[in-house]
Amino acid sequence: MEFRPLIFSASIGHGHNQAATALQQEFWKKGYFPEIIDTFYELNPVLHKFMLSSYLKLLKHGPRVWRNIYLRAEEYPLFLYLDRFGLLFADHLHKIISREACPFIISTHPFVTAFLTSLKRKKQLMVPLYTVITDFVLHPAYLRPEVNGYFTIDPNCSDFAKLHNVPSDRFFSAGIPIITDQFINKSKWKARYDLGLEQDKKTLLIAGGGMGLTKYMEVIRCIDKLNKPIQVLCMVGHNYKAKEKIKLIKSNHDIKIVEFTQNFLLYLKASDAILSKAGGLTMAESLACETPIVIFHPVPGHEEQNAQFLVDSGAAIMPSCGKEIPDVINRVLYEKNCYSQLRKNAKKLKKPDAARNIVHEIIQLEKQQRENIHLSYS
């Protein structure tokens, strides 16, 4: 008998799809054959475009609005409107789940979780729903009674459960699932050799996630004030406008532009530090590679909380403005104690086996449920 669960993701930020793929690969090893659903695109390409463009416009033109929606969620639970919106697509989602005998479903995006819980309520579905959280700090918007299990990296999940009157056994501090491929154990020298980079130059990776949302131009102008020339890897993802602008910059440093790549971990292993916003997957991958993290201009709300968590844990430094970037980069690259402490704290936090642990836990939960059903009929 083939087990064919469904993993629902969304192309609103590349990290959610990466998390879904990491889980899929681990399920394959266990004899499960999950399908990944790009949820909003599957429901309607116009819906996908609307969700993505609305989110990006809100971050660009109304970041304070998004921050208030996120941080004041308990007082003003505006996120519950997503559940009502999701009811419009319950029939379509039900058809997707009914295509095969689906033993359980997984969500890697909070917007998708809202749609799936609306579906479960409307259709009175008993199929278990597990949500995988790709940020470092739990948030009330994730909570729904229809969710059977929450997988998170937040070490304070028991306190969170108690605060919000949710059974603590629904929470698992397993980590953020990343794809730990052949690059994870490569040395810095070998990674640079494979990428054709200079061995004797300090290397800074500037990343902005799959959509390339980092303020590349501002960062490059700031690091031009460094005393020594370095290698700069600008990971622009799918942001081709940023690529064209960077190409026109005259810099004291050796700037290499890298479009979206599946070899991100190899670039991380080759780098002495990463400067990035605080996307959950990027931060989890950086911790896994023990690459020192400098956070700049995190997305309001969830990424600000990611950033604060990592700074408080001693695994990242966050300059408050562009003027502080040269000093921070100098410290990270050239002060041994600073560099070593960031790596040491990253080692404490990293969870490179998160995908494997999440899959193991879900399979155990499913086995237990089947045993309970068997006993109830005995």
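Residues numbered from 1 in each chain as written. Predicted model: local features only at pLDDT ≥ 70, side-chain atom pairs only at ≥ 80, totals over all residues. Heavy atoms only, no water.

A. Examining the overall build of the chain more closely. On a plain count of helices and strands, the chain comes out with 17 helices and 12 strands. Its C-alpha atoms give the chain a radius of gyration of 21 Å, near enough to 21 Å, the size a compact globule of 378 residues would have. The dimensions of the chain, computed from C-alpha atoms along their principal axes, are 75 × 40 × 35 Å. Counting all 378 residues of the chain, 52% fall into the buried class. Considering only contacts in the chain between residues 6 or more positions apart, those separated by 24 or more positions represent 67%. Accessible area for the chain stands at about 18,100 Å²; split by element, carbon and sulfur atoms hold 52% of it. (Helix = DSSP H or I, 4+ residues; strand = E, 2+ residues; numbered from the N terminus. Rg over C-alpha atoms; globule rule 2.2 N^0.38 Å. Buried < 20%, exposed > 50% of the residue type's maximum accessible area, 1.4 Å probe, protein only. Contact = heavy atoms within 4.5 Å. Areas by Shrake-Rupley, 256 points an atom, 1.4 Å probe, with all protein chains shown as cover.)

B. Looking closely at the packing of helix H10 (residues 216-223) against helix H11 (residues 240-247). Interhelical geometry of H10 versus H11 gives an angle of 30° and a closest axis separation of 10 Å. Relative to H11, H10 is oriented roughly parallel. Handedness of the crossing formed by H10 with H11: right-handed. Contacts from Tyr216, Met217 and Ile220 in H10 reach Ala242, Lys245 and Ile246 in H11. (Axes fitted to C-alpha atoms, helices over the stretch in contact; angles between N-to-C directions. Parallel < 35°, antiparallel > 145°, perpendicular 65-115°, else oblique. Left-handed = near helix turned anticlockwise from the far one by under 90°.)

C. Representation of helix H7 (residues 110-123) in the model. A rise of 1.5 Å per residue sets the reference length of H7, with its 14 residues, at 20 Å; its end C-alpha atoms lie 20 Å apart and thus fit the reference within 8%. Burial analysis of H7 places 10 of its 14 residues in the buried class, which makes it a mostly covered element. Residues of H7 that are buried: Phe111, Val112, Thr113, Ala114, Phe115, Leu116, Thr117, Ser118, Leu119 and Lys120. Downstream of H7 by a residue or two, glutamine 124 has a phi angle that is positive, lying close to 50°. (Expected span 1.5 Å × (residues − 1).)

D. Quick look at the packing of aromatic side chains. Under the criterion given, the structure shown has 15 aromatic pairs. Each ring, one from phenylalanine 27 and one from phenylalanine 104, has its centre 5.7 Å from the other, and the planes form 40°; the classification is tilted. Of the two residues, phenylalanine 27 sits in helix H1 (residues 14-29) while phenylalanine 104 sits in the loop between helix H6 (90-98) and strand E3 (105-107), which places them 77 residues apart along the sequence. Note on phenylalanine 27: relative accessible area 0%, which makes it buried. The exposure class of phenylalanine 104 is buried, given its relative accessible area of 1%. Aromatic pair phenylalanine 151 and phenylalanine 172: ring centres 4.9 Å apart, planes at 15°, arrangement stacked. One end of the pair, phenylalanine 151, is in strand E5 (residues 149-152); the other, phenylalanine 172, is in strand E6 (residues 171-173), with 21 residues separating them in the sequence. A residue is classified by how much of its surface remains accessible, and phenylalanine 172, at 15% relative accessible area, is buried. (Phe/Tyr/Trp six-rings, centres within 6.5 Å; stacked < 30°, edge-to-face > 60°.)

That's the geometry; what it means functionally is another story.
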